[in-house]
Amino acid sequence: MKIHEYQAKALLAQYGIPVPRGKVASNPDEVREIAAEIGGKVVIKAQVYAGGRGKAGGIKIVNSPAEAKKAASQLIGTRLVTHQTGPEGVLVSKVLVEEASNVARELYLSILVDGTSRWPVMMVSEAGGMEIEEVAQSAPEKIFKSYIDPAIGFQPFQGRRLAYGVNFDGGQIGEATRLMTNLYKLFIDKDCSLAEINPLVVTADGKLLALDAKLNFDDNALYRHKDIQELQDKEQEEPLEIQARDWGINNYVKMDGDIGCMVNGAGLAMAVNDLIQYCGGRAANFLDIGTLNNTERVVNSFKMFIADPRIKAVLVNIFGGMARVDVIAKGIVEAYQQMDIPFPVVIRLAGTNLAEGQRILDKSGVSFIQAKDFYDGARKVVEAAKGVMK
Amino acid sequence: MSILVDENTRLLVQGITGSEGSFHTQRCIEYGTKVVAGVTPGKGGSKHLGVPVFNTIEKAMAETRANASLIFVPPAFAADGILEAIDAGMSLVVCITEGIPVLEMVKVHRYLKDKSTRLIGPNCPGVMSPGKCKAGIMVGDIHLPGNVGIISRSGTLTYDVVSQLTSLGIGQSTCVGIGGDTLPGSTFVDILKLFQADQDTKAVVLIGEIGGTMEQEAAEFISHKMTKPVVAFVAGSTAPPGKRMGHAGAIITGSAGKASEKIKALSQAGATIAPTPAEVGLTTKKVLENS
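Being a predicted model, the structure only gives us computed values, none of them experimental.

K.L.:
For this particular structure, what's the right way to read the domain arrangement of chain A?
P.N.:
Residues and elements named next belong to chain A. Along its sequence, chain A is organised into domain 1 (1-20 + 102-237), domain 2 (21-100) and domain 3 (239-385). Here the C-alpha centre of domain 2 lies 23 Å away from the C-alpha centre of domain 1. Counting residues at the interface gives 7 residues for domain 1, matched by 13 residues for domain 2. Broken down by class, the residue content of the side of domain 1 that touches domain 2 amounts to 2 nonpolar, 2 polar and 3 charged.

Structural data, given as structure tokens:
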């Protein structure tokens, strides 16, 4: 799960990490008031779940409350298009108003769980403001890493090693070590999947400051962080994906085609989308119904297809394991009973309780296109979407 | 032969009395797996599906000589269940549970260091040696005993591949679902090593997906250490970057996480790439005929 920069900074501040003085606002008048309160030069930052805001014009530096109001009115209510958003962009409904900082140096600092060592890793680099992947490719020697033994946590010597590595000096060594220790504590306490301060700046008077902040959280751990769950801004997410979650379908991703897919299992669902493309079609979504054995989620998947005006045909591909084919079949029949299905549906069933599932479908009298296997299903649904097969 | 599980496996089921635990334990027993014990705290002393239930793994192992454990415990408690099994000295732990927090798995991996337990999963379909032992939730009757080893990050996609192989008359030595999480207990490389050493495995099918670098590490191992042919498929060629595709580990965060990069690495390492997920069986057939 993602949160906004202003929320991430509030969490950093709670953990004793210095952030610029500032406040969030949702209309230009508020922005003017905050700018007047802060005084002098201020920065107006669009709050969106996407990086690349600076280059996209989502960050503006202004000299007066009047200019602040004007800049805010050009951002709030518009859609910001960055290299991380689609061409439709994301809605800016809030801006963060902050005092402008006098920056002497820009660095990069982050923590994530390293997949190979399976330990959290603290990374720091002098190439602040750049994306870490670019630095990793162009100048890997500029990234200093410390792997953190989860049994003992982040240790001061690791902080000193990293701080000396990026040429901090004097009081900055202790300051940076405390900052890293606090960031690690936040990372662990809140089950983060990424804690990133980019840039971490040294101000003209030698102090460290988190100028930007990004915190991502482990979805699997949200059950134990109600405070974090409440920070989610649904406006920033794809409406169909929010709708899917509200209907209990957690594994739904909107894609750019016109073929609706309902599959059990994430790997099979990805493979179905790949195969549809191979057969000349495009999937409208990734949908893994998961393993919960109830018909409601099947019915809700059909509601999703109906809610999506792009859908021209649907492929149901179920290989029962933990999910049982008979339950899925009952769900499909219920969906046909509850709603008018305006598009052709191709069904391929296999696995646990197949015979019973097939019997339920055949007996129900619902009209569908039977596929004998995976490939057959993909081919038939692509034809159906093109109107060749009804 | 086979790897990880066989006719000598004495299976213990953690969470045997829950609904998923019950359903799948019954299927394992019907397949012929020796399920010798169940563990559900508070239900020790009873019997479930004809299997004695214990409060602790320690007690269950002492009384039944269980040597492998299969976990169906809910996500908030599953890491604790894995730790209990490791502590009791279980040699194989297979965790089916999906949704364990990553930082819980960080602790589990820390505890696993210097222990002899092999962990498979979590968020996986389990391990199956056809005709010998089914320790998982996979469909039993699609499998056929034989000489092809399977390793996969996916569950249902593996079932599809297995049924493709079986319908072509190609049997399997062992099918290992390593799971879809970011920190699996065993990686592709861990299992490739076991298949390379297994006399009855003649070829290996590897089913990868987007996210992480496990396929690249597998490619490295294949090019330097593997003498047996490997057939590979990587799911998620059409997946958009930055989106989690169902599995916790299936998210493209850097260029290495893309399907195309993984396919390139595996192909350069000498693995034969199946052009589509529906042709893994046929590709394997050709590879076996030419080897």
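K.L.:
How should the domain arrangement of chain B be read in this particular structure?
P.N.:
Often, the extent of an interface is quoted as the loss of accessible area on bringing the components together. Residues and elements named next belong to chain B. Each assigned domain of chain B is listed here: domain 1 (10-120) and domain 2 (138-290). Once you take the C-alpha centre of each, domain 1 and domain 2 turn out to be 26 Å apart. With 9 residues of domain 1 at the contact, the number on the domain 2 side is 8 residues. Elements represented by at least two residues in the side of domain 1 that touches domain 2 include exactly α1 (19-31), α4 (102-112) and β7 (118-120). Looking at which element gives the most residues to the side of domain 1 that touches domain 2, the answer is α4, with 4 residues.

K.L.:
Looking at this structure, I do not really get the interface of chain B and chain A. What am I missing?
P.N.:
The interface of chain B with chain A comprises 47 residues on the first partner and 43 residues on the second. Taken together, the elements giving at least two residues each to the side of chain B that touches chain A come down to α3 (75-87), α4, α5 (156-167) and β12 (203-209) of chain B. For the side of chain B that touches chain A, the leading source of residues is α4 of chain B, giving 6 residues. Looking at side-chain class alone, the side of chain B that touches chain A contains 23 nonpolar, 17 polar and 7 charged residues.

K.L.:
Looking at this structure, I do not really get unusual backbone geometry. What am I missing?
P.N.:
Of the consecutive residues N198 of chain A and P199 of chain A, the connecting peptide bond is found in the cis state with omega at 10°. For P199 of chain A, the location among the structural elements is in strand β10 (residues 192-203). Cis geometry marks the peptide bond from G121 of chain B to P122 of chain B, where omega comes out at 5°. Summarising the element assignment, P122 of chain B is placed in the loop between β7 and β8 (126-129). Even without glycine at this site, L49 of chain B takes up a positive phi of about 55°. Positionally, L49 of chain B belongs in the loop between β3 (47-48) and β4 (51-54). Positive phi, close to 55°, is recorded for R65 of chain B, a residue that is not glycine. As for its placement among the helices and strands, R65 of chain B is situated in the loop between α2 (57-64) and β5 (68-71).

K.L.:
What is the right way to look at the pairing of strand β16 (residues 313-320) of chain A in this model?
P.N.:
Regular strands show a simple pattern: their side chains alternate between the two faces of the sheet. Residues and elements named next belong to chain A. For β16, the tally of buried residues reaches 8 of 8 residues, placing the bulk of the element in the interior. The pairing of strand β14 (residues 259-263) with β16 spans 5 bridges and is classified as parallel. Residue pairing for β16: I259 is matched across the bridge by A313. The pairing of β16 with strand β17 (residues 345-351) spans 7 bridges and is parallel. From the neighbouring strand, V314 faces β17, where its bridge partner is V345.

K.L.:
What is the right way to look at the sheet that holds strand β6 (residues 95-99) of chain A in this model?
P.N.:
As a general point, the strands of a sheet are linked pairwise by backbone hydrogen bonds and lie either parallel or antiparallel. All names here are of chain A. Spatial ordering of the open sheet is given by β1-β6-β2-β3, a layout of 4 strands whose pairing is antiparallel. Since the sheet does not close on itself, it has two edges, and those belong to β1 (22-25) and β3 (59-62), each with one partner. Geometrically, the sheet is characterised by an average inter-axis angle of 20° between neighbouring strands, direction not taken into account. Here strand β2 (residues 42-46) runs beside β6; their pairing, made up of 5 bridges, is antiparallel.

K.L.:
Explain the packing of helix α10 (residues 296-307) of chain A against helix α11 (residues 325-338) of chain A here, please?
P.N.:
Packed helices, taken two at a time, are described by the angle their axes make and the gap between the axes. Residues and elements named next belong to chain A. Put simply, α10 and α11 touch, their axes get as near as 7 Å, and they point 45° apart. Between α10 and α11, the angle falls in the class oblique. Crossing angle aside, the handedness with which α10 passes α11 is right-handed. Residues V298, V299 and F302 of α10 pack against I328, G331, I332, E334, A335 and Q338 of α11. Partitioning the contact of α10 with α11 into residue classes produces 6 nonpolar, 2 polar and 1 charged.

K.L.:
What is the right way to read the sheet that holds β7 of chain B from this model?
P.N.:
All names here are of chain B. Spatially, 7 strands are ordered β3-β4-β2-β1-β5-β6-β7 in an open sheet, and the strand pairing comes out mixed. Looking at the sheet topology across the chains shown, the edges are occupied by β3 and β7. Taken together, the 3 bridges between strand β6 (residues 92-95) and β7 define a ladder with parallel strand orientation. The partner of V93 across the bridge, within β7, is L119. Sitting on the sheet, α3 touches β1 (10-14), β5, β6 and β7, and the angle it makes with β6 is about 170°.

K.L.:
Is there a simple way to think about the environment of L266 of chain B in this case?
P.N.:
Mapped onto the elements, L266 of chain B comes out in helix α8 (residues 259-268). When the C-alpha positions of L266 of chain B and E7 of chain B are compared, they lie 33 Å apart, and in sequence the two are 259 residues distant.

Thresholds, definitions, all that
Residues numbered from 1 in each chain as written. Chains lettered and ligands numbered in written order. Predicted model: local features only at pLDDT ≥ 70, side-chain atom pairs only at ≥ 80, totals over all residues. Domains from an automatic or database assignment. Contact = placed C-beta atoms within 7 Å. Nonpolar A, V, L, I, M, F, W, Y, C, P; charged D, E, K, R; others polar. Helix = DSSP H or I, 4+ residues; strand = E, 2+ residues; numbered from the N terminus. Buried ≥ 20, exposed ≤ 12 C-beta atoms within 10 Å, placed from the backbone. Pairing = 2+ DSSP bridges. Axes fitted to C-alpha atoms, helices over the stretch in contact; angles between N-to-C directions. Parallel < 35°, antiparallel > 145°, perpendicular 65-115°, else oblique. Left-handed = near helix turned anticlockwise from the far one by under 90°.

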